[in-house]
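Residue-level listing of the chains:
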Amino acid sequence: MSPHYSVPDRVSAGSSNICPTMADYHRVHAESMAHPDAFWLGITKELVEWETPPTIGLEGGYAGIADEQFTWYEDGRLNATISCLDRHLATRADKTAILWEGDEPGDVRRISYSQLHADVCRFSNALENLGVGSGDRVIIYMGMVPEAAIAMLACARIGAIHSVVFGGFSADSLANRVLDSGSRCIITMDEGLRAGKAIPLKATTDEAVAMVEDELAGQSGAGVETVVVLKRTGGQIDWVEGRDIWWSDACEGQLDSHQAHIVSAEHPLFILYTSGSTGTPKGQVHSHGGYITYTAFTHRTVFDLREDDVFACVADVGWITGHSYIVYGPLANGATTFMFESTPLYPDAGRYWDMVERHKFTIFYTAPTAIRALAAQGDEFVAKYDRSSLRVLGTVGEPINPEAWEWYWHTVGEGRCTIVDTWWQTETGGICISPIAPATPVVGGSATLPLPGIQPRLFSAEGEMLEGEAEGLLCIEHPWPGQTRTIWDDHPRYVETYFSTIDGYYFTGDGCRRDENGYYWITGRVDDVINVSGHRMGTAEFEAVLVEHEAIAEAGVVGFPHDIKGQGVHAFLILAAPSKTGTAGDEDGQGDGTSGYSDELGQALNQLCRRRIGAHARIDRFCVIPGLPKTRSGKVMRRILRKVAEGDPGNLGDISTLAEPAVVEAIVNAEVHG
Ligand code: PRX
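Residues numbered from 1 in each chain as written. Predicted model: local features only at pLDDT ≥ 70, side-chain atom pairs only at ≥ 80, totals over all residues. Heavy atoms only, no water.

### Quick look at helix α7 (residues 171-181)
Applied cut-off: Burial classes: relative accessible area under 20% of the type maximum marks a residue as buried, over 50% as exposed, and values in between as partly exposed (1.4 Å probe, protein chains only). Helix and strand definitions here come from DSSP, where helices need a minimum of 4 consecutive H or I residues and strands a minimum of 2 consecutive E residues; each element is numbered from the N-terminal end. Residues count as neighbours in contact if any of their non-hydrogen atoms are within 4.5 Å of one another.
The element α7 is extensively covered by neighbouring structure, given that eight of its eleven residues are classed as buried. Residues of α7 that are buried: A171, D172, S173, L174, A175, R177, V178 and S181. Those residues of α7 that are buried are in contact with β7 (137-141), β9 (185-189), α8 (201-215), β15 (268-274) and α19 (599-612). A positive phi of about 65° marks G182, the residue just after α7.

### Examining the sheet that holds strand β25 (residues 470-476)
The line we're drawing: At least two bridges found by DSSP between two strands are what make those strands a pair.
The antiparallel open sheet is built from five strands, whose spatial order is β24-β23-β25-β27-β28. Bordering the open sheet on either side are β24 (465-466) and β28 (520-525), each of which pairs with just one other strand. Sheet topology places strand β23 (residues 456-459) next to β24; two bridges connect them, and they run antiparallel. Each bridged residue has a counterpart across the sheet, and for F459 the counterpart in β24 is M465.

### Re the sheet that holds strand β18 (residues 336-340)
Basically, it comes down to this: Where helices are involved, their axes are fitted lines through C-alpha atoms of the stretch in contact, as for all axes, and angles between N-to-C directions lie from 0 to 180°.
If you trace the seven strands from one edge of the open sheet to the other, you get β6-β5-β18-β17-β19-β20-β21, paired in mixed fashion. Here the strands that pair on one side only, and so sit at the sheet edges, are β6 (108-112) and β21 (418-422). Neighbouring strand axes in the sheet, compared pairwise and without regard to direction, differ in orientation by 20° on average. Across five bridges, the pairing between strand β5 (residues 96-101) and β6 is antiparallel. Its bridge partner being in β6, I98 is matched across the sheet by I111.

### Things to note about the environment of L458
As for its placement among the helices and strands, L458 is situated in strand β23. What makes L458 buried here is its relative accessible area of 0%. Residues L458 and C512 lie 54 residues apart in sequence; the distance between their C-alpha atoms is 7.4 Å. Look past the residues within four positions of L458 in its chain and what remains in contact with it is E464, M465, L466, A470, E471, G472, L473, L474, C512, R513, R514 and Y520.

### Let's talk about the nonpolar core
Within soluble globular proteins, side chains that are nonpolar generally end up buried alongside one another. Here is the rule: Throughout this description, the term nonpolar core refers to a set of buried Ala, Val, Leu, Ile, Met, Phe, Trp, Tyr and Cys residues connected via side-chain atoms within 4.5 Å. Domain limits in this description derive from either an automatic procedure or a database domain assignment.
Residues F123, I187 and Y328 are the most contacted members of the largest nonpolar core, which totals 157 residues. Ranked by the residues each element gives to this core, the list is headed by helix α6 (residues 146-157), at nine residues. When residues of this core are assigned to domains, at least three map to each of domain 1 (1-527) and domain 2 (529-673). The residues touching I187, leaving out its near neighbours within four places in the chain, are F123, L127, V138, I139, I140, Y141, M142, A151, C155, V228 and W247. Within the second largest apolar cluster, 31 residues are counted, among which are V310, F338, F364 and L390.

### Examining the site of the ligand
The line we're drawing: Nearness is defined per residue: one heavy atom within 4 Å of the molecule or strand is enough. As used in this structure description, the phrase polar contact means that two N or O atoms lie within 3.5 Å; if the pair is within protein, one of them must be able to donate a hydrogen and the other to accept it, and residues adjacent in sequence are counted only when both atoms belong to side chains. Areas reported as accessible are Shrake-Rupley estimates using a 1.4 Å probe. Residue values count occlusion only from the protein chains shown. Here the term charged refers only to Asp, Glu, Lys and Arg, the term nonpolar to Ala, Val, Leu, Ile, Met, Phe, Trp, Tyr, Cys and Pro, and the term polar to all other amino acids, Gly among them.
Taken together, 17 residues are adjacent to the ligand, and D421, T426, D510, R525 and R536 come closest. Contact between the ligand and G397: a nitrogen atom at 3.1 Å from a main-chain N or O atom of the residue. In this structure, N531 approaches the ligand through a side-chain N or O atom, which is 3.5 Å from an oxygen atom. Compared with its free state, where it exposes 540 Å², the ligand has 95% of that area covered by protein. Elements with a minimum of two residues in the shell around the ligand: α11 (320-332), β21 and β28. The class makeup of the residues in the shell around the ligand is six nonpolar, six polar and five charged.

### Overview of the pairing of strand β29 (residues 529-532)
Side chains V529 and N531 project from β29 onto one buried face, and the interleaved I530 and V532 project onto a second face that is buried too. Bridge analysis of β29 against strand β30 (residues 535-538) gives four bridges, and the strand direction is antiparallel. When the bridges of β30 are listed, V532 appears paired with H535. Between β29 and β30, which pair antiparallel in sequence order, lie two residues; one of them, S533, sits at a positive phi of approximately 50°.

### Side note on unusual backbone geometry
Cis geometry is found at the peptide bond from Y346 to P347, where omega equals -5°. Of note, the bond from A437 into P438 is cis; its omega dihedral lies within 30 degrees of zero at -10°. Position of P438 among the secondary structure elements: in the loop between β21 and β22 (442-443). The backbone phi angle of A195 is positive, close to 50°, even though this residue is not glycine. By secondary structure assignment, the location of A195 is in the loop between β10 (192-194) and β11 (197-199). Unlike most non-glycine residues, D304 shows phi in positive territory, near 60°. The residue D304 is located in the loop between α10 (288-302) and β17 (310-313) in this model. Take D304: its relative accessible area is 1%, and that puts it in the buried class.

### Some words on the domain arrangement of the chain
What counts is decided by this rule: By definition, the buried area sums, over both parts, the 1.4 Å-probe accessible area that each loses when the two are put together. Salt bridges are defined as contacts in which a side-chain nitrogen from Lys or Arg sits within 4 Å of a carboxyl oxygen from Asp or Glu.
The domains assigned to the chain are domain 1 (1-527) and domain 2 (529-673). For domain 1 versus domain 2, the separation of C-alpha centres amounts to 33 Å. Summing both sides of the interface, domain 1 and domain 2 together bury roughly 1,900 Å²; the carbon and sulfur share of this comes to 46%. At the surface where domain 1 touches domain 2, the tally comes to two salt bridges. Across the salt bridge formed by E427 and R536, the nearest N and O atoms sit 2.7 Å from each other. Seen at the junction of domain 1 and domain 2, the total is 16 residue pairs in polar contact (both at pLDDT 80 or more). Broken down by secondary-structure element, the contributors of at least two residues to the side of domain 1 that touches domain 2 are α7 and α13 (368-375).

Below, the structure is given as structure tokens:
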């Protein structure tokens, strides 16, 4: 096991963190457990601007409550953007709110709090002028430009519910999200820019809107009415008169002041889609009051936030990390938050550290996959830049392996910075298990201890609660304000996904070990979700796409350990009978069902995944097998596929319940392509 590390200056000066020492942490955590309502009411009144402050904490819950319905701050009224913008005008008007660096190094914009307020107000007026109102859903499909944050905040300000779709998603995925959320307005841009490459966001939007129109054909009053287009590159795009409007034209003549629409605490702030264990993404719903409280609280606490910090989270606003720790948490805390349009390797592997030197980042937050990719490029890219401004380094999205952690600690942080390995999920809204900088002594690979308000519990597969040192299913006992309240338009799925595994507890989908010090070590997903470079994808999503191809009869997709990406994607394919396709099947005529793969087929399948899901959905390895390992009742024993993909076929466990045990040998011996 790695040694415990702690930084010398263990008591933080000038921070807004309520747990500057471990003694404070233990006291605050105990208080939050003993009196959760009083704790969270106190926190929200301190950190959030309410028009009508709440008197109620939690109502409902998930222990013994039908339908697992719960609310936080039910009688409070607010608008989350007042906490992020208006209240800072008195004290931080000229402070940089958003520091942006574009794709090309040195292409920088600094937007002050007063300017951000004005820009958000202007765009709020523009949206209202276009007929968008409270409760309407709006899709945001943009690259990493400040206007993406402005669009999110403007939606929130008028009470509309934004749903940001990551710019890498395909037209199919975008169309599904438009349809599921019932959005009539999409905010996009002509093209995104990443590593010198233009990303055709408007063209993809056009394609998605056409799919939505096909799907809704004949239904009057439905469909996308407005597409707002921000000009980024000036590239050639198609234009639909009457539907499309340039961002600048929409803002023309609009006032730069706007009275925020006050909503109840539980009014949805946004929907963000996540992959799950079935093919359809789940629209996670976060609310104004609880979410803004939780992101503000966790942001200042975990990162030990100080007034003059330059906080750099290099995630994308298309994912929850961007929502919580680029936009809402930092702005609620009046911080300077960094937005980055490019990639860690453009123009070379020194990009992050070059920006640390130029912008004097004090807190830097990234994902293990980026750390591994950069470590593989050698230390010289790091060493040539001055990183003395850094104080806290964060990681999120997947388990971090000890080697990557050590590299982050020694090479990037020079043994001087606290590393916060932050465990959380789209569903949790903000960080739940993490060191608190600089108080918590850290150990490479462990997310350490629960934040105040969070009570993790471990359960065996049989549903028995495990005490002390143990490994099991990670659940959380008591609701906290940042938790999603439902899945958009599908509350039964919310109940089934999170509350049916262990009665009365929120089940995270992760496995976890608790060590002798009470530290938590996340071991990865235990459900059918794979985490590739921090992108969460459902195996069922891949399988549904693969069987669309005429050569594929059935498919089983699992993850396997990958040096850089954390997990790679391994697809087991059962080919359709040659008579059906004329192309697939056993070339050798032996009938063992394990040949018939060609590189062309692999490429075609990956193209299909790209088209149906997005650019980030790529299968690394293929195997052709004669049949999936199914039980007599027809259930696929994924454990067997997983073990084979992980290179551990000697350890398959009990296979006696398989309908055809002989298939296992063929799976173990199948040739791996890719
Ligand atoms: O498996 C866990 C992993 O990422 C999942 C959540 O993915 P998503 O909703 O996309 O949110 C990612 C950003 C918060 C979790 O179920 N995960 C997240 N953080 C960590 C992690 N696994 C290990 N250690 C972490 N620090």
